[in-house]
Structure formats: C-alpha cells, structure tokens
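Observations on the three-dimensional arrangement
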Amino acid sequence: MTGLPQVTGLEVDAVVRRGGFHLDVRFAVAPGEVLGVLGPNGAGKSTLLRALAGLTELSEGRLTLGGAALDDVAAGVFVSPERRPVGLLFQNYRLFPHLSVRDNVAFGPRRQGAGRAAARGTAAEWLTRLGLAELAERKPAQLSGGQAQRAALARALATEPSLLLLDEPLAALDAETRWSVRAELRRHLTDFGGPTLFVTHDPLEAMVMCSRLLVLEEGRIVQQGSPGEVARRPATRYVAKLVGLNLYAGAASGGSGAVTVSLDGGGTLVSASETPVAGRVLVALAPTAIALHITEPRDSSYRNVWRGVVEGMELLTDRVRVSVAGHPDALVDITAAAVAELSLAEGTSVWLTAKATELDVYPYPDHTRQDVGSSVGVNR
Ligand SMILES: Nc1ncnc2c1ncn2[C@@H]1O[C@H](COP(=O)(O)OP(=O)(O)OP(=O)(O)O)[C@@H](O)[C@H]1O
C-alpha cells in the first residue's frame, strides 16, 4: 500500500479550438458516476464528447482515464479513437445499415481482436440482456426506434468500455418508448462501473438519470452540482429557465431573517433567509410562489409587493404561466380558473406578491463568468 489514492475515473483539462469557438473545461468524473452535461445549442457539448472519443483533437491540455493518458498535448500523446476504451451512444444510433443486429453488436469485440465466434458469442449475450435475442438477424431498418436504440446500447456495452459517452441517446424516441428505454438505460448505467457522460437537453431526464450535473455555456463550465443543488440554486439564466425558476442578480444587505436585495434591473426584494448574505447575490423565486392581484393587496404578510403588466400567457399542462413585465419581471404560474377570475389579458395591470420565506438568496457563484451578471435574471 502506497497510501496514494488510486486514480480510476476520468480527468479532463481540455481546450479545443474549432474556428471561432473555444471549449475550455476542467472537471473529473468518478467511476460509477453519471455526469449530466447540459447547455444551450452551440455550448460545446458535442465538441466535448468528440474530444473524449478522440474524434476531435485537443488544442491544449490532457485527458486521462484510469490514470492513463488518452490525450496529452504537451507530451505528444494521442490515443486513436479505435484504441480508446470508450462506448459511444448517439441520438441517431449510427448502426451499420448493411449488417445484422448481431453483427452490429459483434463489430466492436471483433475490432478489439476477438475471433468471429467469440465476438458473436459476446453479441448474443448482450442482445439477450437487452431483450433483443429474437431480433438478432434483422437489419437496423427492420427495427423500431426503441429496439434500434437498445441495439445501439448493446453495441456500446459489448466492447466493455471504461468510459461511456451518451449524446442525447433518447431524443429520437417517442414519449412512450422513451420512458421504457430510459428505465432500461438507467439500470444499465447503474451496473456500469466506469464514468459516464450523458448529454441531454431535457432537464427531467438529467434529474432522473444523472448523479451530478455540469452546465456548459459558450464553451465554459458555468455550474456543477447535484441535480437538487442545480435545480434549487441555478447559476445562470439558462439554468433557471431550464428548471423553471425566476432568477435575479443584485446586491444584498441586511441581516439574517431580513435580507434586502437591490436588483440589477431595478426593484427590491426581501428574503427571510436565515443565512446571512451580503454583496453580489442571486435570488431564485418559483413561479408558483408568486400571486397576482388586480387591486393593491392589503395583506401585510407579503413582504414583497410590486406592480406589473401582463405581457403574455402560456398554457402548461395544469396551470397557466403568466409573463409579467415590472421591476422585476416575473413568470407566474396560476390556475386557469384564476386567469378567468382576474380577467387577465395581455396589457392588464396587476400587483404581484411573494412571501419573504419563498425567496432563496445565495452568493453569486464564483465560477460563473462575471459578464453573465447583468443578464443573469430571467427577466430584467
Ligand atoms: N467542424 C466544426 N468547425 C468549426 N466549428 C464547429 C465545428 N463543429 C461545431 N462547431 C462550432 O462549435 C460550437 C460548439 O458546437 P457543439 O456541436 O459542440 O455544440 P453543442 O453544445 O453540442 O450544441 P447542440 O446542443 O446544438 O448540439 C458551435 O459554435 C459550432 O458552430
């Protein structure tokens, strides 16, 4: 025993330049951890996965898996894609159309040097595990979307990879199939002992499938944390929107139990936060925690009362999301019955109220780029 920790996970310290785009990230993924990678279009999610798979070269930095370098620009190390112990699962499956399902799954083991019979044996095992044994002789075009996705998963796992890279693996499936394939995939990810990166645009999927989330924006990491932390305390406007919260940036003053925040875009909010906070902060407020009134509310239990004008309404499954312009702007979720009772329409003047206990105030995250500050609120 040397007493040194054994490095078995993935360590990423990477810069990739593609035209005018720069990806610049540093993070680690532990064995068995499923890291959800979220971010708006063009944030660099696919670029990151491509770099890990060896399909795009690093401009600077180093990637190590289990302590061994896959890429090390300074040392001149680059392991070619076919020699990386990496399982890939992409949205559009990329099964070979001319090969049977069995041969698609046997392809990886064959490429790794297994004999024809051994590779077919491995393929048969994985197809059985994924409930596809009876479809082994079919061609990909003869499979449903869910079956094809399972075949692609069998193909990714049959090479016994040390790292799994999943790029929106469920996006092409219809809602019902997606649900069952997701449950299946989750089971396999739990069994898989290595690190997994899971790119998705779907916040629910990220919450359900991933043990930790990493949010990329413009090639940089703007937030990392457990799904619960990210959902409760979003670091940027993009994350707040994703998890359905109002988010405001401002300057805090006052003590525990009554923190006053002067918002960047005008207006003031008061929080009953028990943790003393001062200086630059973010304030998260759920759309369901705001109430709308036509006349000025007389109930003094509302510490936050401000005026606004209805800008738009969107029907959600069981509520209506009302977009209100004011200081601050806000998204407010109310029932369809309340919309009717208040006779709300675009242009209606309203009063907004929120209890101080409903506002979560937290320090402005250090790792958030400072220039996000002025635009961080869902609303100005
Ligand atoms: N081959 C390329 N050459 C130059 N720039 C590229 C190339 N491929 C992608 N880019 C640019 O790199 C940036 C990141 O793209 P990437 O595909 O990694 O984003 P993404 O987060 O996966 O987006 P999406 O959610 O839309 O799939 C984008 O600005 C894109 O235009």
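Residues numbered from 1 in each chain as written. Predicted model: local features only at pLDDT ≥ 70, side-chain atom pairs only at ≥ 80, totals over all residues. Heavy atoms only, no water.

1. With respect to the side chain of T196
Along the chain, T196 turns up in strand β9 (residues 196-199). Assessed through its relative accessible area of 0%, T196 is described here as buried. Look past the residues within four positions of T196 in its chain and what remains in contact with it is V29, E33, V34, L35, L164, L166 and L189. (Helix = DSSP H or I, 4+ residues; strand = E, 2+ residues; numbered from the N terminus. Buried < 20%, exposed > 50% of the residue type's maximum accessible area, 1.4 Å probe, protein only. Contact = heavy atoms within 4.5 Å.)

2. Focus: the side chain of E168
Position of E168 relative to the elements: it lies in the loop between β8 (163-167) and α5 (175-191). Buried charge without a salt bridge: E168, with K45 as the nearest opposite-charge side chain at an N-O distance of 5.9 Å. Discounting chain neighbours no more than four positions away, the residues touching E168 are Q91, V199, T200 and H201. (Lys, Arg positive; Asp, Glu negative; His and termini not counted. Salt bridge = Lys/Arg side-chain N within 4 Å of Asp/Glu carboxyl O.)

3. A few points about the packing of aromatic side chains
Under the definition given, this model contains one aromatic pair. Geometry around W126 places R129 over its ring, the cationic atom sitting 4.1 Å from the centre. Between the NZ or CZ atom of R155 and the centre of the ring of F96, over which it lies, the distance is 5.4 Å. (Phe/Tyr/Trp six-rings, centres within 6.5 Å; stacked < 30°, edge-to-face > 60°. Lys NZ or Arg CZ within 6 Å of the ring centre and 35° of its normal.)

4. A short note on the domain arrangement of the chain
When its domains are assigned, the chain resolves into domain 1 (10-229) and domain 2 (233-375). For domain 1 versus domain 2, the separation of C-alpha centres amounts to 38 Å. Listed per partner, the contact involves 15 residues of domain 1 and eleven residues of domain 2. Both sides together, the interface formed by domain 1 and domain 2 hides about 1,000 Å², and carbon and sulfur atoms give 55% of it. Where domain 1 meets domain 2, there are zero salt bridges. Taken together, the links from domain 1 to domain 2 amount to five residue pairs in polar contact (both at pLDDT 80 or more). Mapped by element, the contributors of at least two residues to the side of domain 1 that touches domain 2 are α6 (203-209), β10 (212-217) and β11 (220-225). Considering every element that reaches the side of domain 1 that touches domain 2, the biggest residue donor is β11, with five residues. Residue composition of the side of domain 1 that touches domain 2, by class: seven nonpolar, four polar and four charged. (Domains from an automatic or database assignment. Buried area = accessible area lost by both parts, 1.4 Å probe. Polar contact = N/O pair within 3.5 Å; in protein donor to acceptor, adjacent residues only side chain to side chain. Nonpolar A, V, L, I, M, F, W, Y, C, P; charged D, E, K, R; others polar.)

5. A few points about the sheet that holds strand β18 (residues 320-326)
Spatial strand order, β16-β20-β17-β18-β19: five strands in an open sheet with antiparallel pairing. Edge positions in the sheet fall to β16 (290-293) and β19 (330-334), since each of these pairs with one other strand and no more. Ignoring strand direction, the axes of neighbouring strands in this sheet form an average angle of 45°. As paired elements, β18 and β19 share five bridges and run antiparallel to each other. Looking across to β19, one finds that V320 is bridged to I334. (Pairing = 2+ DSSP bridges. Axes fitted to C-alpha atoms, helices over the stretch in contact; angles between N-to-C directions.)

6. Description of the pairing of strand β2 (residues 21-29)
When strand β1 (residues 10-18) meets β2, the two strands line up antiparallel, connected through nine bridges. In the strand pairing of β2, D13 is matched with R26. The antiparallel pairing of β1 with β2 creates a hairpin that spans two residues between the two strands, and G19 there sits at a positive phi of about 60°.

7. Comments concerning the environment of Q224
One can find Q224 in strand β11. The exposure class assigned to Q224 is partly exposed, which follows from its relative accessible area of 32%. Counting along the chain gives 163 residues from Q224 to G61, while the straight-line C-alpha distance between them is 20 Å. Reaching out from Q224, the side chain makes a polar contact with the side chain of R212 at a distance of 2.7 Å.

8. Re the sheet that holds strand β7 (residues 86-90)
Overall, mixed pairing links the six strands, which are arranged β7-β8-β9-β3-β10-β11 in an open sheet. Each edge of the open sheet is held by one strand with a lone partner, namely β7 and β11. Pairwise comparison of adjacent strand axes, ignoring direction, gives a mean angle of 20° for this sheet. In the packing of helix α1 (residues 45-53) onto the sheet, the strands contacted are β3 (34-38), β7, β8, β9 and β10, and the crossing angle to β8 comes to about 150°. Against the sheet, helix α4 (residues 145-158) makes contact with β7 and β8, and its axis sits at roughly 165° relative to β7, the strand it touches most.

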